[in-house]
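Here's the letter readout for the chains.
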Amino acid sequence: MIPAKRNRVEMPRRDPKERSSDFIEVALGLDPEMAISEAERCLNCKHKPCVSGCPVQVPIPEFIQLVVQGEFEAADAKIKEKNSLPAVCGRVCPQESQCEAVCVLAKRGQPIAIGMLERFVADQASAAKKSRDEGAQATKPEKKYPERIAVIGSGPAGLTCGADLAGYGYEVDIFEALHDTGGVLRYGIPEFRLPKSIVDEEVDYVKSLGVNVFTNVAVGLTMDFNEMLRSGKYAAAFIGTGAGLPYFLNIPGENLNGVYSANEFLTRANLMKAYLFPEYDTPIKVGKRVAVVGAGNVAMDAARVSRRLGAEEVYIVYRRSREEMPARLEEIENAEEEGIKFQLLTNPARIVGDEKFRVRAMECVRMELGEPDSSGRRRPVEIPGSLFTLEVDTVVVAVGQGANPLLTTRVDGLELNKWGNIATFDEAGATSIPGVWAGGDIATGASTVISAMGAGKRAALAIHEWLTAKRDNA
Amino acid sequence: MFKVLEKDLLAENIYRMVVEAPLVAEKAKAGNFVIVRVSDVGERIPLTICDNDPERGTLTLIIQAVGKSTRDLVNIPVGDYVKDVLGPLGTATEIKDMGRIIAVMGGIGVAPMLPLLRAYRKKGAEIISILGARTKDLLILQDEVRSLSDEVILVTDDGSEGMKGLVTDPLRQRLESGEHFDMAIAIGPARMMQAASKVTKEFNLPTLVSLNSIMIDGTGMCGGCRVSINGETKFACVDGPDFDGHAVNFDELVVRQGYYRDEEDHVCRTLGEERV
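Residues numbered from 1 in each chain as written. Chains lettered and ligands numbered in written order. Predicted model: local features only at pLDDT ≥ 70, side-chain atom pairs only at ≥ 80, totals over all residues. Heavy atoms only, no water.

Description of the domain arrangement of chain A
Residues and elements named next belong to chain A. Rules: Domain ranges listed in this record stem from an automatic or a database domain assignment. Note on definitions: a residue-residue contact is assigned when non-hydrogen atoms from the two residues lie within 4.5 Å. Simply put, the buried area is the total loss of 1.4 Å probe accessible area from both parts when two parts are fitted together. A carboxyl oxygen of Asp or Glu within 4 Å of a side-chain nitrogen of Lys or Arg is what we treat as a salt bridge.
One can read the domain layout of chain A as domain 1 (16-131), domain 2 (148-244 + 402-473) and domain 3 (248-399). Each side of the interface is counted separately: domain 1 has 24 residues, and domain 2 has 25 residues. Across the domain 1 to domain 2 interface the summed buried area is about 2,000 Å²; carbon plus sulfur atoms make up 71%. Counting across the interface, domain 1 meets domain 2 through one salt bridge.

If you want it as structure tokens, here you go:
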């Protein structure tokens, strides 16, 4: 049998019963035999559609061929030519709608498991380095240029932009408002999906490229962005501050105790490690019955965190149908396996409190799908007289995020679009201010880790080209 | 890491700490606050800035050690470090020209009041201060208040110093006497601010309050600090902490502040301590 005809490898995962009461990673990863066997299925085709399907153009066939040869560390180095965070991307990228979607083998429904292989080589390389007692260090790129560049935000966009700029030979300072790095990788994505030790390693790698990272600096408040550029200390800047403004439902009862934004709920659990309370000081309250409103990856994360914190019944409440759920299929399946219940075509109308101002229930209405709306999805319409009560004691609102205005409203001359996101004028994320680029969720609205990384990468190249042209013209 | 340069006990469980944080000290204005974290396992605690010295690069913080996190903070010895300090957060108070101000402060509410008094004083305002506490020993920072006020009225619940009663008593007396004020500022426990705002509302006296909600990030990202202002949800961390006292839903604020009381008590019990 030719390798391509073999079935795609399946990711070994922990038993749902066992995993749904702890925060240890769910996916177990491939072993070398599985990885090599999967890699052998790759046709190594000449036109490489997978590479163009990747927002950061990872040399996918090349790294997969290195896996075939058992050269796992070399495969990791190959990925890192384009992607500084492979252990993260191998875990959280929606490969099924990117590289794997355009894989030639996908036509037969069995694309190469690119994400699993990426994760595999990153973990192998990290383990090998550890066994040699090495950190996540890289060869420090030579500082070729005198300019210093400011990167605002240490999430996927900022880390990628910073790493690439250091690679080109610039001095880079990344500023992070929180006390720890990683942005959404740290506060948003739970430990069981992305262990924080992995985030630490990836950030250490970026630091080893010579990038300086300053936490506890909210640019706009702690430092004046305008002044940073005006003083000439920074020759250019990249803004990658993320989405970071939680949307609420604007229904009665939303300020009751027991109603969390997904941001607060996940930040408590992930960044503050409230799941380890009282070993960690930050508390989190999860009742017996939790309703998570929304059906994206963030909603799945919140539902699965609730489960792990002891909730007996956890509902995903979503106003459209299963087909429209924005979460990755893999995350929906994981949630279902862990006993999360789906209340689809259901819209919250009011949150009801008890005499102590705590959530007692959520009143909802049933919906049906009508004509397509501006997003092309069929618009959910309320079914008259369908009001019913969902008995819950905790509600997590996970219906998306807007642009946090903290920095953007404190930058002179920075144009924003009608949603408050930074207006960008080309693929690289050029803003209305010369020398300032923006990318990731603050420019595009909430999107994926990898698209933010792609934006960071394109901006880094644009900054390099802009500074080069400036030097040449001087 | 942020070095602790000075630490004094002002009253039982109330400490004054001077912490090195040059960037924050340079930018802090009246109405701003910081978020502090003691250690790697610590909570993020919002604290008002009592004073800042841009030249020395320091912040003065007043801390009431009521639970585990605040106790951990005040237990940091001079010369040692606070893990994280983020700031200056919040929207700084807009200091307008004001003729006469009546400033009502209770408990450690005097700490966030001082920068406001300093700022209004600079603008030439005449300031009548009402400083209240449960008992004499808890009347902190009296000298500082005096140096910034034209008149100071002391009030204690038990009458051990100054008037016996609540801060709202002299407030009501002064307003009822027909004396003219351009604004009131009330800072202290939520119930005190509520009571003071209720009194000033009767006299249509604009009143500024400073809210101390539960917060995590302090940058508008989590929404945990949401408060109802005239029925509209606002985030205390970025829209405040200053608000129009007549518009705040204090009942909601009080229950939201108490949401983690069980967990806080639990931690203190496991440490063999009493939550103050």
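Details of the sheet that holds strand E6 (residues 259-261) of chain A
Backbone hydrogen bonds are what pair the strands of a sheet, in a parallel or an antiparallel way. All names here are of chain A. Which entries qualify depends on this criterion: When DSSP finds two or more bridges between two strands, those strands count as paired. Where helices and strands are cited, they refer to DSSP runs of H or I of at least four residues and of E of at least two residues respectively, numbered from the N terminus. Axes here refer to lines fitted to C-alpha atoms; in helices the fit is confined to the stretch in contact. Angles between the N-to-C directions go from 0 to 180 degrees.
Taking strand neighbours across the sheet as the criterion, the five strands line up as E6-E14-E7-E8-E9 in an open arrangement whose pairing is parallel. With one partner strand each, in any of the chains shown, E6 and strand E9 (341-343) form the two edges of the open sheet. Each strand axis lies, on average, 25 degrees off the axis of its neighbour in the sheet, ignoring direction. One ladder, built from five bridges, connects strand E7 (residues 289-293) with strand E8 (residues 313-317); its direction is parallel. If you follow Ala291 over to E8, its bridge partner there is Tyr315.

Quick word on the side chain of Thr207 of chain B
Residues and elements named next belong to chain B. The cut-off we apply is this: Residue burial is assigned from relative accessible area. The probe radius is 1.4 Å, only protein chains are included, and a residue is buried under 20% of its type maximum, exposed over 50%, and partly exposed in between. Pairs of N or O atoms are called polar contacts if they sit within 3.5 Å, as long as, within protein, a hydrogen donor faces a hydrogen acceptor (for residues adjacent in sequence, only side-chain-to-side-chain pairs).
Within the element layout of this structure, Thr207 appears in strand E13 (residues 207-210). Judged by relative accessible area, Thr207 falls into the buried class, the value being 4%. A distance of 2.7 Å separates the side chain of Thr207 from the side chain of Thr200, its partner in a polar contact. There is a polar contact of 2.8 Å between the side chain of Thr207 and the backbone oxygen of Leu205. Setting aside chain neighbours within four positions, we find Thr207 in contact with Ala184, Ala186, Ser197, Thr200, Phe243, Asp244, Gly245 and His246.

With respect to the state of the cysteines
Residue and element names in this part refer to chain A. Note the following rule: Cysteine sulfur atoms that come within 2.5 Å of each other are treated as a disulfide pair.
Taken as a whole and assessed by the stated rule, the structure comprises zero disulfides over all chains. No disulfide involves Cys54; its sulfur sits 6.4 Å from that of Cys99, the nearest cysteine. Residue class for Cys54 comes out buried when judged on its relative accessible area of 8%. For Cys99, a relative accessible area of 7% gives the class buried.

Quick word on helix H6 (residues 190-202) of chain B
Residue and element names in this part refer to chain B. To keep things clear, this is the line we draw: Multiplying 1.5 Å by the residue count of a helix minus one yields the expected span of that helix.
The first and last C-alpha atoms of H6 sit 19 Å apart over 13 residues, in line with the 18 Å expected at 1.5 Å per residue. Those residues of H6 that are buried are in contact with strand E8 (100-106), helix H5 (168-176), strand E12 (183-187), E13 and helix H8 (250-257). Looking one or two places after H6, you find Asn204, whose phi comes out positive at around 50 degrees.

Quick look at the domain arrangement of chain B
Residue and element names in this part refer to chain B. Our working definition: Charged means Asp, Glu, Lys or Arg here, nonpolar means Ala, Val, Leu, Ile, Met, Phe, Trp, Tyr, Cys or Pro, and polar covers whatever is left, Gly included.
Segmentation of chain B into domains returns domain 1 (2-89) and domain 2 (100-210). Between domain 1 and domain 2, the C-alpha centre-to-centre distance is 24 Å. The interface is formed by twelve residues belonging to domain 1 together with twelve residues belonging to domain 2. When domain 1 packs against domain 2, close to 1,000 Å² is buried across both sides, 74% of that on carbon and sulfur atoms. Three residues stand out in domain 1 for area buried against domain 2, namely Ala30, Cys50 and Ile62, and they jointly supply 39% of the buried area on that side. The residue Arg118 makes a salt bridge to Asp51 at a minimum N-O spacing of 3.2 Å. Run the count over domain 1 and domain 2 and you get two residue pairs in polar contact (both at pLDDT 80 or more). For the side of domain 1 that touches domain 2, the secondary structure elements donating two or more residues are strand E1 (2-11), strand E4 (45-53) and strand E5 (58-64). For the side of domain 1 that touches domain 2, the class distribution of residues is seven nonpolar, three polar and two charged.

Some remarks on the sheet that holds strand E4 (residues 236-239) of chain A
All names here are of chain A. An order of E3-E2-E1-E4-E16 is seen for the five strands of this open sheet, with the pairing classed as parallel. The sheet is open, and its two edges are formed by strand E3 (212-214) and strand E16 (436-438), each paired on a single side. The average angle at which neighbouring strand axes cross in this sheet is 20 degrees, direction not considered. Bridging between E4 and E16 involves three bridges; their strand directions are parallel. Counterpart to Ile239 in the pairing with E16 is Ala438. Helix H17 (residues 449-473) rests against strand E1 (148-152), E4 and E16 of the sheet, and its axis sits at about 170 degrees to E4.

Comments concerning the nonpolar core
Heads up, the condition is: By convention a nonpolar core is built from buried Ala, Val, Leu, Ile, Met, Phe, Trp, Tyr and Cys residues, the set being connected through side-chain atoms within 4.5 Å.
Judged by nonpolar contacts, the single largest core of 72 residues is most densely connected at Ile60, Phe63, Ile64, Val67, Leu117 and Leu165 of chain A. The greatest single-element share of this core, amounting to nine residues, is contributed by H17 of chain A. Looking at this core, you find at least three residues from each of domain 1 (16-131) and domain 2 (148-244 + 402-473) of chain A. Not counting residues within four places of it along the chain, the set of residues in contact with Leu165 of chain A comprises Ile149, Val151, Tyr170, Val172, Ala460 and Ile463 of chain A. Membership of the second largest hydrophobic core comes to 56 residues, among which are Leu390 of chain A together with Ile130, Met192 and Cys225 of chain B.

Comments concerning the pairing of strand E2 (residues 14-20) of chain B
Residues and elements named next belong to chain B. Within E2, five of the seven residues are buried, which leaves it mostly tucked inside the rest of the structure. Examined bridge by bridge, E1 and E2 share six bridges and lie antiparallel to one another. By the bridge assignment for E2, Ala11 is matched with Ile14. Linkage of E1 to E2, two consecutive antiparallel strands, is achieved through a turn of two residues, within which Asn13 is found at a positive phi near 65 degrees. Examined bridge by bridge, E2 and E5 share seven bridges and lie antiparallel to one another. Residue pairing across strands places Met17 opposite Leu61, the latter belonging to E5.

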